[in-house]
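# Structure at a glance
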Amino acid sequence: MTTMVAVMHKELRDISRDRRTLMLALLLGPLLYPVLMLGIGKMAESRTKTELDKVLEVPVIGAEHAPNLVAFLATRGIKAVAPPKDLDTAISKQTVDVALSIDADYARHWREGNAAKIEIVADSTRKAADIPTARLRSALEAYRDQVGTLRLLARGIDPGITRPLSIGNRDLASAEAKRGAFAAALLPYLLILTSFLGGAYLIMDATAGERERQSLEPLLATPSARSSIVSGKIAAACAMGVASLLLTLLAFKLSAQFASSAGQAIDVGFMAMGKMLLVLLPMLFIGTSLLTYLSAAAKSMKEAQSHMMWLMLMPMVPSIMLMVNPLKEQPWQYAVPFLAQNQMLLKVIRAEFIPMQVWGIYLAGGFGLAAVLWIAAVRRYHQERLAISG
């Protein structure tokens, strides 16, 4: 234990001498991630308000065939304008978001009481066209329902006869879950990444960096157990990782107080922050132990840093998987790295109760994997070629 504490103190003292690296490791997450998440929320909210409030100009082909429809759209803030010569090209080049095409036989079908044909013209893959298209579709559906009701009333028919079912919606989602819907899309990945690579700067320098500087061999030549040396390095990296996590959570808490409605949707109470910290601790030990194992095989800092690219992609796997193939909650999920953290953080964000059984599976699985990686790192430190520089 004395050796581990001594090595931990040494590594923390060494990293403290490099002020730039220390500030980057501690403050990158706390400063960047809240600004990134809350800034995106502010931009999305501002765009939505702007798109909904402004007058929407929609090129209309055949506007002369449906003057009443055009007038109705104007009452909804949708102004019909002359279409460009090549409408398809204009939409492809994004000079036009959405357009409306009215069939030449619209007036005849209208007089006969038949369904008159109109088409919404848009590119569904363009995100910029989502809100304008939704506004136009909503207005057209409102006009369709209004005219259909008037036609039935004119014939002395109760409009309710066309609606044999009155379909309601009872949403069982809690208020906390609804408010946390936006945060659930981004926050888990950011926090998992912060914890997974929170000790990366220190542990790579303490292993690959010392090997490159040829200062690792004297340390390994001491009579101290190599397990204590490894534990001291991992403990130092984890200590810095915990500090970075605490600063990140504190930054989220403070910034959410002044954020827009998207940011204020996040539960930033001390209980929620404490649960998030407990959820992220196993991932911190897993990431630090894995980096220790990988860096021990690297002959230089550059070689050790080459692992960062694929390591940064690993926390994205559960988010992508859940987006493509949502999973129903199963106990085994809480023992799978990254997926378990994602699921647990979603529960905290949604303010759901987490049973002790789930906590037990999660913590046992997380710290169990960290222990396996720690043993692998210790075994690698017992290799005599570790102290030989490239």
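These figures come from a predicted structure and were not determined experimentally. Sequence order sets the numbering: in each chain, residues are counted from 1 along the sequence as written. Only residues with pLDDT of at least 70 are given local features in this predicted model, and only at 80 or more are side-chain atom pairs given and counted; all residues enter the totals for whole chains, interfaces and linings. Each side-chain value is derived from all of the structure's non-hydrogen atoms; neither hydrogens nor water enter the calculation.

## Side note on the overall build of the protein
- In terms of helices and strands, the protein carries 18 helices and 4 strands.
- For the exposure calls, accessible area comes from a 1.4 Å probe over protein chains only, and a residue counts as buried if that area is under 20% of its type's maximum, exposed if over 50%, partly exposed in between. Classification of the 390 residues of the protein by burial places 41% in the buried group.
- Any two residues having at least one pair of non-hydrogen atoms within 4.5 Å are treated as being in contact. Taking the contacts inside the protein whose residues are at least 6 apart along the sequence as the reference set, 75% of them involve residues at least 24 apart. The helix count covers DSSP runs of H or I at least four residues long, the strand count covers runs of E at least two residues long, and both are numbered beginning at the N terminus.

## Digging into the nonpolar core
- By size, the foremost hydrophobic cluster in this structure holds 51 residues, and its most contacted members are Leu 191, Phe 196, Leu 197, Met 276 and Met 344.
- At the level of secondary structure, the elements contributing two or more residues to this core comprise helix H8 (181-196), helix H9 (200-213), helix H11 (226-256), helix H13 (270-296), helix H14 (301-305), helix H15 (308-313), helix H17 (339-349) and helix H18 (356-381).
- The biggest single contributor to this core is H13, with 11 residues.
- Once you skip the residues sitting within four places of it in the chain, Leu 191 turns out to touch Leu 245, Thr 248, Leu 249, Phe 252, Met 276, Leu 280 and Leu 345.
- Take the buried residues of types Ala, Val, Leu, Ile, Met, Phe, Trp, Tyr and Cys, join any two whose side-chain atoms come within 4.5 Å, and each joined set is a nonpolar core. Judged by nonpolar contacts, the second largest core, of 17 residues, contains Val 60, Phe 72, Leu 136 and Ala 139.

## A short note on the packing of aromatic side chains
- Pairs were defined over the aromatic rings of Phe, Tyr and Trp, the Trp ring being its six-membered one, requiring ring centres within 6.5 Å. Orientation was assigned from the angle between planes: stacked under 30 degrees, edge-to-face over 60, tilted for the rest. The tally for this structure, following the rule as stated, stands at 5 aromatic pairs.
- Ring geometry for Phe 72 versus Tyr 143: centroids 5.0 Å apart, planes at 45°, classification tilted. Here Tyr 143 lies in helix H6 (residues 130-154) and Phe 72 lies in helix H3 (residues 67-75), a separation of 71 residues in the sequence. When sorted by exposure, Phe 72 lands in the same class as Tyr 143, which is buried.
- The structure contains a cluster of three or more aromatic residues connected by ring pairs, namely Phe 72, Tyr 106, Trp 110 and Tyr 143.
- Charge-over-ring placement is defined geometrically: NZ (Lys) or CZ (Arg) within 6 Å of the ring centre, and within 35 degrees of the ring normal. One cation-aromatic arrangement involves Arg 151 over Trp 110; the distance from NZ or CZ to the ring centre is 4.8 Å.
- The aromatic ring of Tyr 293 is capped on one face by Arg 380, whose charged end is 4.0 Å from the ring centroid.

## Some remarks on H13
- To estimate how far a helix should reach, multiply one less than its number of residues by 1.5 Å. In a regular helix each residue adds 1.5 Å, so 27 residues correspond to 39 Å; H13 covers 38 Å between its end C-alpha atoms and thus fits that length.
- Maximal helix bending in H13 amounts to about 30°, located at Leu 280; proline Pro 282 follows within four positions.
- Extensive coverage of H13 is indicated by the burial of 19 of its 27 residues. What we call the bend at a residue is the angle made by axes fitted to the seven residues finishing there and the seven residues starting there.

## Points about H17
- By the criterion of burial, H17 is predominantly enclosed, with 11 of the 11 residues buried.
- Among the residues making up H17, those that are buried are Leu 339, Ala 340, Gln 341, Asn 342, Gln 343, Met 344, Leu 345, Leu 346, Lys 347, Val 348 and Ile 349.
- Ala 351 occupies a position one or two residues after H17 and carries a positive phi of about 60°.

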